[in-house]
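Here's the letter readout for the chains.
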Amino acid sequence: MSAGTPSRFDLRQYQREWFANPRKDLLAGMVVALALIPESIAFSIIAGVDPQVGLYASFIIAVVTAFLGGRPAMISAATGAMSLLMIGLVKDHGLQYLFAATVLTGVLQVVFGWAKLARYLKFVPRSVMVGFVNALAILTFMAQLPQFVGANWQMYAMVAAGLAIIYLLPRVLKAIPSALVAIVALTVVAVVTGADVRTVGDMGALPTALPLFQFPQVPLTFETLGIIFPVALTLSLVGLLESLLTAQLIDERTDTTSDKNVESRGQGVANIVTGFFGGMAGCALIGQSMINVTSGGRGRLSTFVAGAFLLVLILMLQPLLVKIPMAALVAVMIVVAIGTFDWSSLKTLTVFPKGETIVMLATVAVTVITHDLSLGVLAGVVLSALFFARKVSQLSQVTHTDDDAGTRRYQVRGQLFFVSTHEFLHWFDFHHPAARVVIDLTDAHFWDGSAVGALDQVMLKFMRRGMPVELVGLNGASATLIDRLAVHDKPGALERTSHQ
């Protein structure tokens, strides 16, 4: 189902999305759950809240989107981009305001999904998508580097061993995800040898009870709304942008389709629920989603298992969980970063048009420098629009012919809008003595007020020089725009514009 296709519930298709790939979905979900723990704790620390806030959010969002999301196998949880947007709110107003903002974030996302805003994803060019993917790969790799600060040789050895297992094991055994084998094997080695390496338990205290329903303890006033609304609006837009772009990437990697509007609503409901159960707002995680897909996950069951097994790990298997060496999870994330990066894009840097290459590199640069995916995508889209406008404006041209009666006919071709107005004025010779001027617009189209303003200037300059000038060949849309905005054909136009 495409983003613009009306959502029609198909029970058989929904059942297939759950149970078509059970064994691989179960195993892939378990791998993802293990990778979610350090990330969720780290994102909680970034936001300035206790680790349980991020862990609860990851559990709830993953489970809810498994049922209500529009992209099977995509993993949604607490994320770094969202946590960065919460810092000021938590610092200035406290945790309860974060819960309220999370609920409002979900409400806004449901509204956006209902309004089918996902259709506007088509305005994100492929060069921006490639930049988005490459930037995420770089950020995923960079996020592992702090684990090496002050690390001993054992850390490096275990990461190298983990990489070897993940890459080499599939050559002889494909029944079990190699990432899961690497995590288990390295944990056993770390426990048996007493290796001096950081573990999951070193990341922070883990919760020991189920999340409880609680209404955010904030005053129900317009003042509160004024505090949380700007944060919630930003969270909702950034969350949907990341989620929909991640969904599109998974569509391409798995050669399947998804309903982006359903995903938008599913993300919203998930954030509403997590806000009422003591969690922070989240969205899709491309790193964990890629772990899931590369481990064989394809259905909703993998997303559900990721969330449910995460809860089992932190509540029932916590004594074992805290012993997992961070080296094992670092190895998994490095493999994900390498697999996510679009290496073919490096080969096409000199092949693709220069504008597309600049857009891709700018998207990567802005995202990596700011650690903000929304700013990177925004920069890429704006640059793409500027390059496109410049390219289209260069397709416009004006030629002229003269006949024996002294009539000069200007033939205008192309799309006329704000970018092309400067050149448009210089295409006309206002000093050539002509008995009559005809401007033929049969092959032209006027798009905005800037183009109409440029036409006004041309017409008025000819009129001031006493040359009769006539417009011919206007299409219906251009004629309507000119009738509404032009001044050259209005009474007293020359007098009112004599200063020009």
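Above this text is the structure in question.
This text gives an overview of the structure that appears in the document. Quantities reported herein were computed from a predicted structural model and do not represent experimental measurements.

Secondary structure summary: the protein contains 22 helices and six strands in total. The C-alpha radius of gyration of the protein comes to 29 Å, more than 25% above the 23 Å expected for a compact globule of 500 residues. Expressed as lengths along the three principal axes of its C-alpha atoms, the size of the protein is roughly 100 × 55 × 50 Å. Residue burial in the protein is summarised as follows: out of 500 residues, 52% are buried. The contacts of the protein with a sequence gap of at least 6 include a subset with a gap of at least 24, amounting to 84%. On the protein, roughly 22,900 Å² of surface is accessible, and the fraction owed to carbon and sulfur atoms is 66%. Taking the average place of the 34 positive charges on the side chains of the protein and the average place of its 31 negative ones, the gap between the two points comes to 6 Å.

Let's shift gears to the nonpolar core. Counting residues in each nonpolar core, the largest one holds 106 residues, and the members touching the most others are Met86, Met280 and Leu321. Not counting residues up to four positions away in its chain, the partners in contact with Leu321 are Leu34, Ile37, Val200, Leu206, Leu313 and Ile314. One finds Phe430, Ala434, Ile439 and Val452 within the second-largest nonpolar core, a separate group that totals 25 residues.

On to the sheet that holds strand E3 (residues 397–402). Strands pair in a sheet through their backbones, by hydrogen bonds, and they do so in one of two ways: parallel or antiparallel. One open sheet accounts for four strands, arranged E3-E4-E5-E6; its pairing is mixed. Lying at the two open borders of the sheet, with one neighbouring strand each, are E3 and strand E6 (469–472). This sheet shows a mean twist of 20 degrees between the axes of neighbouring strands, independent of strand direction. As defined by bridge partners, E3 adjoins strand E4 (residues 407–416) across six bridges and the pair is classed as antiparallel. Bridge pairing in E4 links Thr401 to Arg409.

Looking now at the side chain of Asn21. With respect to the element layout, Asn21 can be found in the loop between helix H1 (11–19) and helix H2 (22–47). Here Gly296 takes part through its backbone oxygen, which lies 2.9 Å from a polar atom of the side chain of Asn21. Look past the residues within four positions of Asn21 in its chain and what remains in contact with it is Gly296, Gly297 and Arg298.

Three or more residues of H1 are buried, namely Tyr14, Glu17 and Trp18. Around the axis of H1, the buried residues are gathered within 100 degrees of arc, so they sit on the same side. In this structure, H1 carries Arg12 and Phe19 as exposed residues pointing more than 90 degrees from its buried face. Against the buried residues of H1 lie H2, helix H3 (51–68) and helix H13 (300–315). N-capping of H1 is provided by Asp10, with a side-chain oxygen placed 3.1 Å from the backbone N of Arg12.

Now for the side chain of Asn292. Tracing the chain through its elements places Asn292 in helix H12 (residues 286–294). Residue Asn292 is classed as buried on the basis of its relative accessible area, which comes to 0%.

Attention now moves to the packing of helix H8 (residues 153–168) against helix H15 (residues 326–340). One way to put it is that H8 packs onto H15 with a least axis distance of 8 Å and a crossing angle of 50 degrees. Classified by the interaxial angle, the pair formed by H8 and H15 is oblique. Seen from above, H8 lies across H15 with right-handed handedness. Residues Met155, Met158, Val159, Gly162, Leu163, Ile166 and Tyr167 of H8 touch H15, and the partners they reach there are Ala327, Val330, Ala331, Val332, Ile334, Val335 and Ile338. Counted by class, the contact of H8 with H15 contains 13 nonpolar, one polar and no charged residues.

Taken together, Tyr167, Leu168, Ile338, Trp343 and Leu346 make up a surface patch of nonpolar side chains, about 500 Å² in accessible area. For Trp343, a relative accessible area of 48% corresponds to the partly exposed category.

Moving on: the packing of helix H9 (residues 178–193) against H15. At a minimum axis distance of 8 Å, the contact between H9 and H15 shows a crossing angle of 160 degrees. Looking at the two axes, H9 sits roughly antiparallel to H15. Considering only the axes of H9 and H15, their crossing is right-handed. In contact with Ala179, Ala182, Ile183 and Leu186 of H9, H15 contributes Ala328, Leu329 and Val332.

Another aspect to go through is the pairing of E4. Extensive coverage of E4 is indicated by the burial of seven of its 10 residues. Here E3 folds back onto E4, and the loop between the two strands holds four residues, one of which, Gly406, carries a positive phi near 85 degrees. One ladder, built from nine bridges, connects E4 with strand E5 (residues 436–446); its direction is parallel. Considered in E5, the bridge of Tyr410 is made with Ile439. In this region the chain leaves E4, passes through helix H19 (residues 421–426) and returns to the parallel neighbour E5; the handedness of that crossover is right-handed.

So, about the pattern of salt bridges. Counting across every chain of the model gives nine salt bridges. The shortest N-O distance in the salt bridge between Glu252 and Arg126 comes to 3.4 Å. One end of the pair, Glu252, is in helix H10 (residues 222–254); the other, Arg126, is in helix H7 (residues 126–142), with 126 residues separating them in the sequence. For Glu252, a relative accessible area of 42% corresponds to the partly exposed category. Note that Asp489 is salt-bridged to Lys490, the shortest N-O span being 3.0 Å. Residue classification places Asp489 among the partly exposed positions, given a relative accessible area of 42%. Look at the salt bridges and you will find they share partners, linking Arg71, Asp251 and Lys260 into a network.

Reading the values: the criteria
- Residues numbered from 1 in each chain as written.
- Predicted model: local features only at pLDDT ≥ 70, side-chain atom pairs only at ≥ 80, totals over all residues.
- Heavy atoms only, no water.
- Helix = DSSP H or I, 4+ residues; strand = E, 2+ residues; numbered from the N terminus.
- Rg over C-alpha atoms; globule rule 2.2 N^0.38 Å.
- Buried < 20%, exposed > 50% of the residue type's maximum accessible area, 1.4 Å probe, protein only.
- Contact = heavy atoms within 4.5 Å.
- Areas by Shrake-Rupley, 256 points an atom, 1.4 Å probe, with all protein chains shown as cover.
- Lys, Arg positive; Asp, Glu negative; His and termini not counted.
- Charge placed at Lys NZ, Arg CZ, Asp CG, Glu CD.
- Core = buried A, V, L, I, M, F, W, Y, C linked by side-chain atoms within 4.5 Å.
- Pairing = 2+ DSSP bridges.
- Axes fitted to C-alpha atoms, helices over the stretch in contact; angles between N-to-C directions.
- Polar contact = N/O pair within 3.5 Å; in protein donor to acceptor, adjacent residues only side chain to side chain.
- Arc of directions from axis to C-beta.
- Parallel < 35°, antiparallel > 145°, perpendicular 65-115°, else oblique.
- Left-handed = near helix turned anticlockwise from the far one by under 90°.
- Nonpolar A, V, L, I, M, F, W, Y, C, P; charged D, E, K, R; others polar.
- Patch = residues over 30% accessible without salt bridge, like charges linked within 9 Å, V, L, I, M, F, W, Y side chains within 5 Å.
- Salt bridge = Lys/Arg side-chain N within 4 Å of Asp/Glu carboxyl O.
- Right-handed = clockwise from strand over helix to strand, strands pointing away.

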